[in-house]
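# Secondary and tertiary structure notes
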Amino acid sequence: QVQLVESGGGLVPPGGSLRLSCRASGSFFRIYVMGWYRQAPGKRRELVAVVPEGGDADYAESVKGRFTISRDNTKNTVLLQMNSLKPDDTAVYYCNAEMRPTNMSPLNDYWGQGTQVTVSS
């Protein structure tokens, strides 16, 4: 079974920074896309940033210039550096990975358990 484990959430004042980390473990053939989504109370889950293997990252318009996503394929890890945080960034952040369990199997989406980010004075 594949597992995604996030860490790095917490409480930070406006303008502060946090770095989220997500590591994939278990049995799988290949990870194609890794990324971060977030969900605030009463709102739909939304994309924050994604990065395919060997490709360029895509960011939500609301985080461009403030967040940076990076990926370490040798460690099956994706990071999200969040700077200049705003109260609107407050949400549960979920790690996502698009994987192929075996060479001949279709792609599957996997999700982490989520980590809370709270931006408040």
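The structure under discussion appears in the preceding block.
Residues numbered from 1 in each chain as written. Predicted model: local features only at pLDDT ≥ 70, side-chain atom pairs only at ≥ 80, totals over all residues. Heavy atoms only, no water.

### Concerning the packing of aromatic side chains
Under the criterion given, the structure shown has 1 aromatic pair. The ring of Y94 has R45 sitting right over it, with the charged end atom 3.9 Å from the ring centre. The residue whose ring lies beneath R45 is W111, and the NZ or CZ to ring-centre distance is 4.6 Å. (Phe/Tyr/Trp six-rings, centres within 6.5 Å; stacked < 30°, edge-to-face > 60°. Lys NZ or Arg CZ within 6 Å of the ring centre and 35° of its normal.)

### Some remarks on the nonpolar core
In this structure, W36, L80, M82, Y93 and M99 are the most contacted members of the largest nonpolar core, which totals 31 residues. Every element with two or more residues in this core is listed here: strand 3 (18–25), strand 4 (30–39), strand 5 (46–52), strand 7 (67–72), strand 8 (77–82), strand 9 (91–100) and strand 11 (115–119). In terms of residue count, strand 9 provides more of this core than any other element does, 5 residues in total. (Core = buried A, V, L, I, M, F, W, Y, C linked by side-chain atoms within 4.5 Å. Buried < 20%, exposed > 50% of the residue type's maximum accessible area, 1.4 Å probe, protein only. Helix = DSSP H or I, 4+ residues; strand = E, 2+ residues; numbered from the N terminus.)

### Quick notes on the pattern of salt bridges
With the rule as written, the count across this model stands at 5 salt bridges. In this structure, the salt-bridge partner of R30 is E53, at a minimum N-O distance of 2.5 Å. With a gap of 23 residues between them, R30 in strand 4 and E53 in the loop between strand 5 and strand 6 (58–59) connect regions that are remote in the sequence. Given the relative accessible area of 38%, R30 is considered partly exposed. Ionic pairing is found between R38 and D89, a salt bridge with its closest N-O pair at 2.9 Å. Here D89 lies in the loop between strand 8 and strand 9 and R38 lies in strand 4, a separation of 51 residues in the sequence. No difference in accessibility class separates R38 from D89, as the two residues are buried. Here the salt bridges share partners, and the residues they tie into one network are R38, E46, R66 and D89. (Salt bridge = Lys/Arg side-chain N within 4 Å of Asp/Glu carboxyl O.)

### Quick look at the environment of V2
Note on placement: V2 falls in the segment before strand 1 (3–7). Measuring from C-alpha to C-alpha, the distance between V2 and W111 comes to 9.5 Å, with 109 residues separating the pair along the chain.

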